[in-house]
Amino acid sequence: MIGYFTSGKDLPETMDMSSNLGKLCNVIEFTIGSDQEYLSDYIGPVEINELEKGSSILIGAPIGCGKTTALIRAAINYKHEVVYLTNRKSSLLQIKRDVLKEMGITNTAKWDEEIIEHYDTGNIKVLTYQSLAQRENFNKFKNDTLVVLDEIQYLLNDATFSYHPMQIIDILKQNVDNTKRVYISATMEEVLPEIYRIERCDNNELDTAKLYTNFHSRINHIYLMEDNWNHLSFLFYNYSDIDKLTDTINQESENGVKSAIFLRNKERGAKLKEKLTDCQFVYSSEEENEELANIAIKEAFSTKCLLATKVIENGVSINDENIGIIIIEEIDPISFIQFLGRVRVKRRNPRHMTIMIPDYTPSELRQAARQCSERLSIINHIKKSPHDCMMHFEHYIPYIYYSYSGAQANILAYKKFTLLLTHLNKLINDETPHAHIRYILDLLKRSTEIADNQFLNYDDIDKFKQGIASAYKKFKNSPMLKEDRNTLAKELKEIVNCTNYYKKKITGSQLQIETINDILARADINAKISSLGEAFSIEESAI
């Protein structure tokens, strides 16, 4: 489907008009491919060579639709220099290997890092964003250079721990007239405003609300590919119940099913590794670099389980038909989708996969929100007095950045933490249970209806609901006096603390009416208890 729209009424039904992508497609020509097609059906050497110098294209397409393959084939046939940028050393190795294969170098029996580094990739220079940012005195690309910016969500995601994305934006702004640019991501939505600010034909700073009202930009075309997650089924688990999670994984391992487990931090990985029988753990450390490179090159891991942090979040492909379970503990929706795409399946007729998602409690979400707020406070301090903060530079890395215009706060980190905090607060304020799970299901365009038997701790849930129902029934059939209410509270507390389903353990000696009603709601009992002085009443409602 090809369109160029000046009115939102013509946009496809699947596109959210209020999204950054919807607004941009309202003013720029775009192409949408179906979930059965590949990017190479729409873009190749001809489209890239015909792109005018100074212009750019955007490719927003799900993982597994052949983005990298299509661009490598186009780059090999490009008449000038190509700089292919990616955000991880592991994905760089995969890209360089794929470039060599497309160039016809197939006479090596074994691909490894040394062999990949040995061969010349011709007109294509594959670099990480970090290595480009660290080049001393670099200002300009050669005239007509094709700059491929893969995994461009890097600009926001990596800004949370590095100021290099700020440097990359400076480099791009200095090279908009002498290069052609291709921006690629499976998760384009959040980073679109930053891309559009780079590609605008004027230098006026506009807030996001007004950003797309003027379509005078260097963006020539947007290529989009539809996704489809119908091959996935879902299980859920209590984040704090490590034993239940690892017992399930170990059992599946004994049955020959491999698991890929993606974590928020290495401390969590260390705890899981202690209890998993056959696992490999990769994270950002010198000791793990060789192991990570081997996974990237072979597109596989040798153990039954892979534990990985964000070091493997972007660009790395894992092709293994024995992987049947993917566990993703990331809260950030962008990182969740990126992790989900690490394990590759066929775009047409994909195999069934089980995705396991943690059921974060409000207190766990609040802890994550506090961490975001703390970082935003640091960046706000830098914004108010950047030059004073430069006097203590080491205390503010990576949230302070020094450019040709002087010291400034890492505004990209500020934007990313603000987006994440907004998302977390939305989940925290959601009064329905399992807010994180429901959000992810909706993100993947799946039903948000959740069954008890989808939880690993189903036995606990059943015990909780039956116990609460029994205690409530006893109270309902009593005179409902103060002593009956106290008996109900005592029984509810015992049931909550001997199961692992309510959002928190109860430590106090007394339960407030609000807490009692919340426990009843968690047990799917549609009733509210109210105080009438020395007695109590019940108001029941239909489901």
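Structure's up top.
Just so we're clear, the structure is a prediction, and the values are computed from it rather than from any experiment.

**Topic: the side chain of His164**
Then, in step 1: Inspection of the secondary structure puts His164 in helix α8 (residues 164–173).
Then, in step 2: By relative accessible area, His164 is classed as buried at 12%.
Then, in step 3: At 3.2 Å, the side chain of His164 forms a polar contact with the side chain of Gln134.
Then, in step 4: The contact partners of His164, leaving out residues within four places of it in the chain, are Gln130, Ala133, Gln134 and Tyr154.

**Some remarks on empty space enclosed by the protein**
Then, in step 1: This structure, assessed with the given rule, holds one cavity of 30 Å³ or more.
Then, in step 2: A volume near 40 Å³ is recorded for the largest cavity.
Then, in step 3: When its residues are assigned to classes, the lining of the largest cavity shows three nonpolar, three polar and one charged.

**As for the sheet that holds strand β14 (residues 353–358)**
Then, in step 1: Taken in spatial order, the six strands line up as β9-β14-β13-β10-β12-β11 in an open sheet, and their pairing is parallel. Strand pairing shows two members of the sheet lacking a second neighbour, β9 (232–237) and β11 (279–282), which therefore form its edges. Direction aside, the axes of adjacent strands within the sheet are offset by 20 degrees on average.
Then, in step 2: Relative to strand β12 (residues 305–308), strand β10 (residues 258–262) runs parallel, the two being bridged by four bridges.

**Remarks on the packing of helix α19 (residues 458–476) against helix α21 (residues 513–522)**
Then, in step 1: Packing of α19 against α21 leaves a shortest axis separation of 9 Å and a crossing angle of 130 degrees. One element, α19, and the other, α21, form an angle in the oblique class. Crossing of α19 against α21: the hand is left-handed. On α21, the residues touching Phe464, Lys465, Ile468 and Tyr472 of α19 are Ile519, Leu520 and Arg522.
Then, in step 2: Along the lines of polarity and charge, the residues of the contact of α19 with α21 split into five nonpolar, no polar and two charged.

**Details of the nonpolar core**
Then, in step 1: Leu24, Leu58, Ile152 and Ile222 are the most contacted members of the largest nonpolar core, which has 64 residues in total.
Then, in step 2: Looking at this core element by element, the count peaks at eight residues for helix α17 (residues 411–428).
Then, in step 3: In this structure, Phe234, Val311, Ile323 and Ala489 belong to the second largest nonpolar core, which totals 58 residues.

**Examining the layout of surface pockets**
Then, in step 1: Its volume calculated, the largest pocket comes out at about 1800 Å³.
Then, in step 2: Lining the largest pocket are 48 residues, with Asp16, Ser19, Glu189, Glu190 and Leu443 sitting closest to its centre.
Then, in step 3: Those elements giving two or more residues to the lining of the largest pocket turn out to be α1 (20–25), α9 (192–199), β8 (219–225), α13 (333–340), α17 and α18 (435–443).
Then, in step 4: Element by element, the count of residues in the lining of the largest pocket is highest for α17, at seven residues.
Then, in step 5: Among the residues forming the lining of the largest pocket, the class breakdown is 22 nonpolar, 11 polar and 15 charged.
Then, in step 6: Put simply, the second largest pocket is a space of about 1500 Å³.
Then, in step 7: If you go around the second largest pocket, you meet 45 residues; those closest to its centre are Phe161, Arg264, Asn265, Thr309 and Lys310.
Then, in step 8: Looking at the lining of the second largest pocket, the elements with two or more residues in it are α4 (89–102), α11 (266–275), α12 (289–298), α14 (362–384) and α17.

**Some details on the side chain of Asn250**
Then, in step 1: Positionally, Asn250 belongs in helix α10 (residues 242–254).
Then, in step 2: For Asn250, a relative accessible area of 11% translates into the label buried.
Then, in step 3: Here the side chain of Asn250 touches Lys275 through a polar contact of 2.9 Å, landing on its backbone oxygen.
Then, in step 4: When residues no more than four places from it in sequence are discounted, the contact partners of Asn250 are Lys275, Leu276 and Thr277.

**A short note on the packing of aromatic side chains**
Given two aromatic rings, their pairing is described by the distance between the two centres and the angle made by the two planes.
Then, in step 1: This model, assessed by the stated rule, comprises nine aromatic pairs.
Then, in step 2: Seen from their ring centres, Tyr239 and Tyr360 are 5.1 Å apart, and the 50 degrees between their planes marks the pair as tilted. Of this pair, Tyr239 sits in the loop between β9 and α10 while Tyr360 sits in the loop between β14 and α14, and the two are 121 residues apart along the sequence. Residue Tyr239 shares its accessibility class with Tyr360, and that shared class is buried.
Then, in step 3: A ring pair is formed by Phe262 and Phe339, whose centres lie 4.9 Å apart and whose planes are at 15 degrees; its orientation type is stacked. Taken together, the positions of Phe262 in strand β10 and Phe339 in helix α13 put the pair 77 residues apart, joining distant regions of the chain. Each member of the pair, Phe262 together with Phe339, is buried.
Then, in step 4: Pairwise contacts between aromatic rings join Phe236, Phe455, Phe464 and Tyr501 into one cluster.
Then, in step 5: One Lys or Arg, Lys258, reaches over the ring of Phe301 and ends 4.4 Å from the middle of that ring.
Then, in step 6: In this structure, Arg268 packs its charged tip against the face of Tyr239, placed 3.9 Å from the ring centre.

Scoring rules and cut-offs
- Residues numbered from 1 in each chain as written.
- Predicted model: local features only at pLDDT ≥ 70, side-chain atom pairs only at ≥ 80, totals over all residues.
- Heavy atoms only, no water.
- Helix = DSSP H or I, 4+ residues; strand = E, 2+ residues; numbered from the N terminus.
- Buried < 20%, exposed > 50% of the residue type's maximum accessible area, 1.4 Å probe, protein only.
- Polar contact = N/O pair within 3.5 Å; in protein donor to acceptor, adjacent residues only side chain to side chain.
- Contact = heavy atoms within 4.5 Å.
- 1 Å grid on protein atoms, 1.4 Å probe; cavity = no way out; pocket = protein on both sides within 12 Å on 5 of 7 lines; lining within 4 Å.
- Points joined across faces, edges and corners; volume = space filled by probe spheres on them.
- Nonpolar A, V, L, I, M, F, W, Y, C, P; charged D, E, K, R; others polar.
- Pairing = 2+ DSSP bridges.
- Axes fitted to C-alpha atoms, helices over the stretch in contact; angles between N-to-C directions.
- Parallel < 35°, antiparallel > 145°, perpendicular 65-115°, else oblique.
- Left-handed = near helix turned anticlockwise from the far one by under 90°.
- Core = buried A, V, L, I, M, F, W, Y, C linked by side-chain atoms within 4.5 Å.
- Phe/Tyr/Trp six-rings, centres within 6.5 Å; stacked < 30°, edge-to-face > 60°.
- Lys NZ or Arg CZ within 6 Å of the ring centre and 35° of its normal.

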